[in-house]
Amino acid sequence: AQSVTQPDIHITVSEGASLELRCNYSYGATPYLFWYVQSPGQGLQLLLKYFSGDTLVQGIKGFEAEFKRSQSSFNLRKPSVHWSDAAEYFCVSKGGQNFVFGPGTRLSVLP
Amino acid sequence: GAGVSQSPSNKVTEKGKDVELRCDPISGHTALYWYRQRLGQGLEFLIYFQGNSAPDKSGLPSDRFSAERTGESVSTLTIQRTQQEDSAVYLCASSLLAGGTDTQYFGPGTRLTVL
């Protein structure tokens, strides 16, 4: 069965610091992979997605993610975090018809 | 055009009552998904519609939950005899196609509180 793990439940970083959110997937082949962000009181917004090709994908708001087949990972990165990035981040895989969400990582940003 | 819309935005009901939640997908989107998000948790898949095909109901937690969709338009999620554990945000998403490269667009959700 397909599954997605996000090992970090909560991460706190200082504004301006770099960020990496971890995501590991489990699937028999390479699934399609997504990162979504859910800000307080707002709906889910797609940050970026990976289907094939270049393993480093660029997204909105300065985010990027790197697909590593050998590690079954799709970690999200940002070189310099802004206070407005405080939110819940979900890694998502799609290996068939259904989307499987990870449990989420809550990001707090210190001024 | 408009995004995915859901109504009501908030619903408070008493235990044992039935509730109906509505989702209007983006026009032209053939696939529609319902999810449940309990407080502080990730999204839990409930049901998936693709065009006129039989829906994938594998995520529905009990027979108190049902959903309908007419063609490629509005969908309703019905919860009968609500229980307190049904309290959650119910999210709807639509996508253009059911193929692997499609992207889901989410509605704002309906927050259900069962007293």
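Residues numbered from 1 in each chain as written. Chains lettered and ligands numbered in written order. Predicted model: local features only at pLDDT ≥ 70, side-chain atom pairs only at ≥ 80, totals over all residues. Heavy atoms only, no water.

Engineer: I'm lost on the pairing of strand β10 (residues 87-94) of chain A in this one. Help?
Structural biologist: Each regular strand displays side chains that alternate between the two surfaces of the sheet. Residues and elements named next belong to chain A. Among the 8 residues that make up β10, 8 are buried, leaving the element largely enclosed by the rest of the structure. On β10, burial covers both faces: Ala-87, Tyr-89, Cys-91 and Ser-93 on one face and Glu-88, Phe-90, Val-92 and Lys-94 on the other are all buried. Alignment of β10 against strand β12 (residues 105-110), held across 3 bridges, turns out to be antiparallel. Bridge pairing links Glu-88 to Arg-106 in β12. Of the pairings in the sheet, the one linking β10 to strand β11 (residues 99-101) comprises 3 bridges and is antiparallel in character. Looking across to β11, one finds that Ser-93 is bridged to Val-100. The hairpin formed by β10 and β11 contains 4 residues between the paired strands. (Buried < 20%, exposed > 50% of the residue type's maximum accessible area, 1.4 Å probe, protein only. Helix = DSSP H or I, 4+ residues; strand = E, 2+ residues; numbered from the N terminus. Pairing = 2+ DSSP bridges.)

Engineer: Would you explain the state of the cysteines in this entry?
Structural biologist: Working definition of a disulfide: a covalent bond connecting the sulfur atoms of two cysteines. Residue and element names in this part refer to chain A. This model, assessed by the stated rule, comprises 2 disulfides over all chains. Disulfide pairing places Cys-23 opposite Cys-91 at an S-S distance of 1.9 Å. The sign of the S-S torsion, about -65°, decides the handedness of the disulfide formed by Cys-23 and Cys-91: left-handed. Of this pair, Cys-23 sits in the loop between β3 (19-21) and β4 (24-26) while Cys-91 sits in strand β10; the two residues are 68 residues apart in sequence, bridging distant segments of the chain. With a relative accessible area of 0%, Cys-23 lands in the buried category. The exposure class assigned to Cys-91 is buried, which follows from its relative accessible area of 0%. (Disulfide = S-S within 2.5 Å.)

Engineer: Looking at this structure, I do not really get the pattern of salt bridges. What am I missing?
Structural biologist: Oppositely charged side chains may form a pair once their charged atoms are brought near each other. Using the criterion set out here, one finds 8 salt bridges over all chains in the structure. Measuring nitrogen to oxygen at the nearest pair gives 3.2 Å for the salt bridge that ties Glu64(A) to Arg77(A). Of the two residues, Glu64(A) is situated in strand β8 (residues 64-68) and Arg77(A) in strand β9 (residues 73-78); the sequence distance between them amounts to 13 residues. Using a relative accessible area of 23% as the deciding quantity, one classes Arg77(A) as partly exposed. For the salt bridge of Asp86(B) with Arg64(B), the shortest nitrogen-to-oxygen distance reads 2.8 Å. (Salt bridge = Lys/Arg side-chain N within 4 Å of Asp/Glu carboxyl O.)

Engineer: Teacher, can you tell me more about the interface of chain A and chain B here?
Structural biologist: One frequent convention defines the size of an interface as the accessible area lost when the parts assemble. In this complex, chain A contributes 16 residues to the contact, which on the side of chain B involves 19 residues. When the two sides are added together, the surface that chain A and chain B hide from each other amounts to roughly 1500 Å², 54% of it contributed by carbon and sulfur. There are 0 salt bridges connecting chain A and chain B. On the surface where chain A and chain B come into contact, there are 3 residue pairs in polar contact (both at pLDDT 80 or more). Taken together, the residues that form the side of chain A that touches chain B break down as 10 nonpolar, 4 polar and 2 charged. (Contact = heavy atoms within 4.5 Å. Buried area = accessible area lost by both parts, 1.4 Å probe. Polar contact = N/O pair within 3.5 Å; in protein donor to acceptor, adjacent residues only side chain to side chain. Nonpolar A, V, L, I, M, F, W, Y, C, P; charged D, E, K, R; others polar.)

Engineer: How do you make sense of the side chain of Arg36(B) when you look at a structure like this?
Structural biologist: With respect to the helices and strands, the residue Arg36(B) is situated in strand β4 (residues 31-37). If we skip the residues at most four places from it in the chain, Arg36(B) touches Gly42(B), Leu43(B), Glu44(B), Leu46(B), Pro61(B), Phe65(B), Glu85(B), Asp86(B), Ala88(B), Val89(B) and Tyr90(B).

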